[in-house]
Amino acid sequence: MSRRRVIIDTDAKNEADDQFAIVHGLLSPTFDVRGLIPAHFGTHRSDRSMEESREEIDLLLNLLGQTGQVTVANGAPTGIPDEQTPLDSPGAQLIIQESKLASKDDPLFVSFLGPITDMASAILLDPDIVHRDVIVIWIGGRGYNGYAADHRLEFNLSNDIHAANVVFGSGLTVWQVPSDVYTKVSVSYAELEEKIGDAGPLGRYLIDQLVAWNATYHGEPIESRSLGDSPAISLMLYPHSGNFRVRPAPRFGVDGWYLPGTDNPIHVCEQVDVRFLLEDMFAKIRRFGRQRSTS
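Being a predicted model, the structure only gives us computed values, none of them experimental.

1. Regarding the overall build of the protein
Summing up its helical and strand segments, the protein has 11 helices and 11 strands in all. Whereas a compact globule of 295 residues would reach a radius of gyration of roughly 19 Å, the protein reaches 18 Å, a difference of no more than 12%. When the backbone C-alpha atoms are referred to their principal axes, the protein occupies close to 50 × 45 × 40 Å. Looking at the protein as a whole, 55% of its 295 residues are labelled buried. Total accessible area on the protein stands at roughly 12600 Å², and carbon and sulfur atoms take up 50% of it.

Quick look at the structure:
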C-alpha cells in the first residue's frame, strides 16, 4: 500500500497524551515515519524539558521494539528568542532535509504536538521551504469562538509565541487544531482499562503514566484525560476525518489572543471524528499486544 511521509515533533514528557499519539503513529502501516523530534515544553517544570521528551520517546520505542529503527532528532531546547532568529538543531535540519524530497503527489506532513519552534527555525534557516509541498499540523492555540475554557493562554502556544507567528505568517499550508477541538478527545480510566488494559506492557504503561500524571498535577477529582494530541495522527491517517474552515492566518499577541495577520489561508479544524480516532488507536494497541504475546 502507499505510505504517507510524516514527521512527529512532540513534547513527549510534558503531559500524558503525547505518548498515545506517538504510539498510534508508529503502529500505523500507512505512515512512513521519517523521524521523531523531541520538543521542549518550557521551563515551568524543568530546565531540561527537551531532554526529558527525548527520554520518553526512547522509552516508547523500547516498548514498541523499535529502538534504532526510527530516526530521533533532538529539537531546540527552548523557544526562539524573536521572529528573526532560528535555533538550529538536528530536528530543524531533519525537517529541511525531508522537505526537499516532498512533491505534490507525495507531500511531507509535519505534526507538532507541542510548541512549533522547530518548524519556525526550519523556515528561518531555509526560507525556500515555504515553496515546498509541506503540510504543517499544529495542536495549539485557543479556539476562535470565545468559549470560557479558552480564555486562558493556550499551553503549546505559550511556549513559543514567536514561532507561531513565524509559521502562520509564512504562507506554508497549516492545519490548526485549536484547544476547543483537541480538548474534546477525552477517555476515561474505565474505557482505557477495558480497551487496552490487557494489551501487554505497552498498554499498561500508557494507562499507568496517564493516571499518575493526573494524580500529580490535577487538583480536582478526575477519572479521565483528554488525548488532545491525537487528532494530529487521525488527520494524517484520514484528512476527511476532520471538518476544516479556511481562515486568513492571524498573528498571536503576547496573551495568546488572535490579532489581524496576513491573507495567507490556514485550515482550522473545527471538529474531529473522535470515534474513528480512538477506535483505530485502541485496535492497533490491542493488536500489537497480541502479536507481542505470541512472538
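And the narrative resumes.
2. Considerations on the packing of helix α3 (residues 90-99) against helix α4 (residues 117-125)
Look at α3 against α4: their axes get within 8 Å of each other, and the N-to-C directions meet at 65°. Crossing geometry of α3 relative to α4 is assigned as right-handed. Facing α3, whose interface residues are Ala92, Gln93, Ile95 and Ile96, α4 presents Asp118, Met119, Ser121, Ala122 and Leu125. When the residues that make up the contact of α3 with α4 are grouped by side-chain class, the tally is 6 nonpolar, 2 polar and 1 charged.

3. Section: the pattern of salt bridges
Tallying each qualifying case throughout the model produces 15 salt bridges. Two residues, Arg225 and Glu15, come together in a salt bridge whose shortest N-O distance is 2.4 Å. Of this pair, Arg225 sits in strand β7 (residues 224-226) while Glu15 sits in the loop between β1 (4-10) and α1 (18-26), placing them 210 residues apart in sequence. Salt-bridge contacts for Arg34 lead to Asp32; the nearest nitrogen and oxygen are separated by 3.4 Å.

4. Notes on the pairing of strand β3 (residues 108-112)
In terms of burial, β3 is largely enclosed, as 5 of its 5 residues are buried. Where burial is concerned, the two faces of β3 agree: the one with Leu108, Val110 and Phe112 and the one with Phe109 and Ser111 are both buried. Pairing of β1 with β3, which is carried by 5 bridges, proceeds in the parallel orientation. Bridge assignment links Val6 to a residue of β3, and that residue is Phe109. Chirality of the crossover, the property in question, places the unit of β3, α4 and strand β4 (residues 134-139) among those that are right-handed.

5. Overview of the environment of Ala283
For Ala283, the location among the structural elements is in helix α11 (residues 274-294). In this structure Ala283 comes out as partly exposed when scored by relative accessible area, which is 32%.

6. Topic: the packing of α1 against helix α9 (residues 200-217)
Where α1 meets α9, the closest approach of the two axes is 10 Å, and the angle between their N-to-C directions is 155°. Here α9 runs roughly antiparallel to α1, going by the angle between their axes. In this structure, α1 uses Gln19, Phe20 and Val23 to contact α9, whose residues at the interface are Leu202, Leu206, Gln209 and Leu210. Here the residues of the contact of α1 with α9 sort into 5 nonpolar, 2 polar and no charged.

7. Overview of the packing of aromatic side chains
For the structure on display, the rule yields 9 aromatic pairs. When the ring of Trp138 is compared with that of Phe168, the centres are 5.7 Å apart and the planes differ by 80°; the resulting orientation is edge-to-face. Of this pair, Trp138 sits in strand β4 while Phe168 sits in helix α6 (residues 161-168), and the two are 30 residues apart along the sequence. Taken individually, Trp138 and Phe168 each receive the classification buried, so the pair is uniform in this respect. Members of the aromatic cluster, joined through ring pairs, are Trp138, Tyr144, Phe168, Phe252 and Tyr258. The residue whose ring lies beneath Arg45 is Tyr217, and the NZ or CZ to ring-centre distance is 4.7 Å. For the cation-ring pair, Arg142 lies above Trp257, with the distance from its terminal atom to the ring centre recorded as 3.6 Å.

8. Section: the side chain of Ser49
Relative to the helices and strands, Ser49 is located in helix α2 (residues 49-63). A polar side-chain atom of Ser49 sits 3.0 Å from the main-chain amide nitrogen of Phe41.

9. Some thoughts on the layout of surface pockets
Of the voids in this model, the largest pocket is the one considered here, and its volume is about 820 Å³. Forming the boundary of the largest pocket are 32 residues, of which Glu15, Arg152, Tyr182, Thr183 and Arg225 lie nearest the centre. Listing elements by their share of the lining of the largest pocket, those giving two or more residues are α5 (155-158), α7 (179-182), α9 and β7. Along the lines of polarity and charge, the residues of the lining of the largest pocket split into 8 nonpolar, 10 polar and 14 charged.

What counts and what doesn't
Residues numbered from 1 in each chain as written. Predicted model: local features only at pLDDT ≥ 70, side-chain atom pairs only at ≥ 80, totals over all residues. Heavy atoms only, no water. Helix = DSSP H or I, 4+ residues; strand = E, 2+ residues; numbered from the N terminus. Rg over C-alpha atoms; globule rule 2.2 N^0.38 Å. Buried < 20%, exposed > 50% of the residue type's maximum accessible area, 1.4 Å probe, protein only. Areas by Shrake-Rupley, 256 points an atom, 1.4 Å probe, with all protein chains shown as cover. Axes fitted to C-alpha atoms, helices over the stretch in contact; angles between N-to-C directions. Left-handed = near helix turned anticlockwise from the far one by under 90°. Contact = heavy atoms within 4.5 Å. Nonpolar A, V, L, I, M, F, W, Y, C, P; charged D, E, K, R; others polar. Salt bridge = Lys/Arg side-chain N within 4 Å of Asp/Glu carboxyl O. Pairing = 2+ DSSP bridges. Right-handed = clockwise from strand over helix to strand, strands pointing away. Parallel < 35°, antiparallel > 145°, perpendicular 65-115°, else oblique. Phe/Tyr/Trp six-rings, centres within 6.5 Å; stacked < 30°, edge-to-face > 60°. Lys NZ or Arg CZ within 6 Å of the ring centre and 35° of its normal. Polar contact = N/O pair within 3.5 Å; in protein donor to acceptor, adjacent residues only side chain to side chain. 1 Å grid on protein atoms, 1.4 Å probe; cavity = no way out; pocket = protein on both sides within 12 Å on 5 of 7 lines; lining within 4 Å. Points joined across faces, edges and corners; volume = space filled by probe spheres on them.

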